[in-house]
Amino acid sequence: MAHARISMYLPPDINPTKAAIAYGCRALPKLNEELNSEDLLTRQKALMALCDLMHDPEYVYEAINLGCLESLKSLLKDSDDLVRIKTTEVLYIMATHNVGRNGFLENNVILALSFLMNDPYSLCRQNLHQAFKHLAQLPSGAHGIVDSGLISPLVWKLQREEENIQELILDTLASCLQEDATEALSSGAVPFLKQKLVSDNKDIRSKAARALIAISIPLGGKNQVWKHDVIPILVHLLKDKDGEVQANAAGALMYATVTTEGKYAALEAEANYPLLQLLFSPLIKVRLNATKALTMLAEAPEGRKFLQLHVSTFRELESDQNEAVRRAAHIAIQVIEWKP
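We now turn to the structure provided with this report. Keep in mind the model is a prediction, meaning the values are calculated, not measured. (Residues numbered from 1 in each chain as written. Predicted model: local features only at pLDDT ≥ 70, side-chain atom pairs only at ≥ 80, totals over all residues. Heavy atoms only, no water.)

1. A short note on the packing of helix H8 (residues 122–136) against helix H11 (residues 163–179)
Note the threshold: Every axis in this analysis is a line fitted to C-alpha atoms, fitted for helices over the stretch in contact. Angles between the N-to-C directions lie between 0 and 180 degrees. Strands are runs of DSSP state E lasting at least 2 residues, helices are runs of H or I lasting at least 4, and numbering of each runs from the N terminus. Roughly parallel means an angle under 35 degrees; roughly antiparallel means over 145; roughly perpendicular covers 65 to 115; every other angle is labelled oblique. Crossing handedness follows the turn of the near helix against the far one: under a right angle anticlockwise gives a left-handed crossing, and clockwise gives a right-handed one. Here a residue-residue contact requires only that any non-hydrogen atoms of the pair lie within 4.5 Å. Note on residue categories: nonpolar means Ala, Val, Leu, Ile, Met, Phe, Trp, Tyr, Cys or Pro, charged means Asp, Glu, Lys or Arg, and polar means any other residue, Gly included.
H11 packs onto H8 with a crossing angle of 25° between their chain directions and a minimal axis gap of 9 Å. With respect to H11, the axis of H8 lies roughly parallel. H11 is crossed by H8, and the crossing has left-handed handedness. Residues Ser122, Arg125, Gln126, His129, Gln130, Phe132, Lys133 and Ala136 of H8 touch H11, and the partners they reach there are Asn164, Ile165, Leu168, Ile169, Asp171, Thr172, Ser175 and Cys176. Looking at the contact of H8 with H11, its residues break down into six nonpolar, seven polar and three charged.

Take a look at the structure:
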């Protein structure tokens, strides 16, 4: 016969580390009140619950309208380590949604987050840089980071952070530099990016080359890449075993060789040979960037003379499955066969 006993354990669907979520439309207002509670445990539980809710963009929209961002901004200054870590996690999750990124810009969250770039806890800094990475994917978000004067601090932190955070910083820089590379050029970003090209981590090498693509778009960037002898390293990376590294190195060369100095620096480093090998790569991005880089080199008489022996290779690319590669190959042939 069964006996009525009261269990000593909590029900299986109750998580003691999270705040109980109120029903319906009362859920977020109650959590917002708890974020401002004087009780530490209440604040921690509210943040744990928010981490789950913010995966839904509808909740993100409602949270912004309720003023949760102001509450979260104040919690970034909290003396408790867990509160700061979970606050940056909530903000990072919100930044994965477009409505959250717009909310960041409207509520000046960028500067509030930037004060934690020197936080002693790496998880807190990692969440912060993940938020910046997602924010920078929006052009207005990238401009917001640039306008906040954060490019120089990001470049500086690039030399001192853990490798996983360095990758996030490089992603952020690449997106921001596409919008405005002025501050990065004035802060000497090119030598720092050059150092990252020789990293043992293939992801860091790839992302550093991608950032160099962005910084080489303006003329000042092209000149700095040439002056700081980055081109020979990029040529060496064309032989890297990783396809993404090869693609981004070829892309950086494509921009750096627009200038006459860049062309001859690449020719002196014998960039022609590895670039020709990349025309047979299975990756579309590699073939495309290599074709465009060779087109730049063909504008120099020495480069044109060398590539005239390999026109048949470009003829084959005119039948490539990718339209962009076909078009690039056609332009390359026109440049190679051009006669004064």
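Moving on from the coordinates now.
2. So, the environment of Arg101
Looking at where Arg101 falls in the secondary structure, it is placed in helix H6 (residues 98–106). Once the C-alpha coordinates of Arg101 and His134 are considered, the two residues, 33 residues apart in sequence, prove to be 7.8 Å apart.

3. Description of the pattern of salt bridges
Just so we agree on the cut-off: Any Lys or Arg side-chain nitrogen located within 4 Å of an Asp or Glu carboxyl oxygen qualifies as a salt bridge. Throughout this description, buried means an accessible area under 20% of the type-specific maximum (1.4 Å probe, protein chains only), exposed means over 50%, and partly exposed covers the range between.
Per the counting criterion, the structure on display carries 20 salt bridges. Across the salt bridge formed by Arg84 and Asp81, the nearest N and O atoms sit 2.9 Å from each other. Of this pair, Arg84 and Asp81 both sit in helix H5 (residues 81–95), separated by three residues, roughly a single helical turn. Judged by relative accessible area, which is 8%, Arg84 ranks as buried. Since its relative accessible area comes to 26%, Asp81 is described here as partly exposed. Ionic pairing is found between Arg287 and Asp320, a salt bridge with its closest N-O pair at 2.9 Å. Residue Arg287 is located in helix H20 (residues 284–297), and its partner Asp320 is located in the loop between helix H22 (311–317) and helix H23 (323–336); the two are separated by 33 residues in the primary sequence. This pair shows no difference in class: Arg287 is buried, exactly as Asp320 is. A single network of salt bridges, built from pairs that share partners, joins Lys133, Asp171, Lys207 and Arg210.

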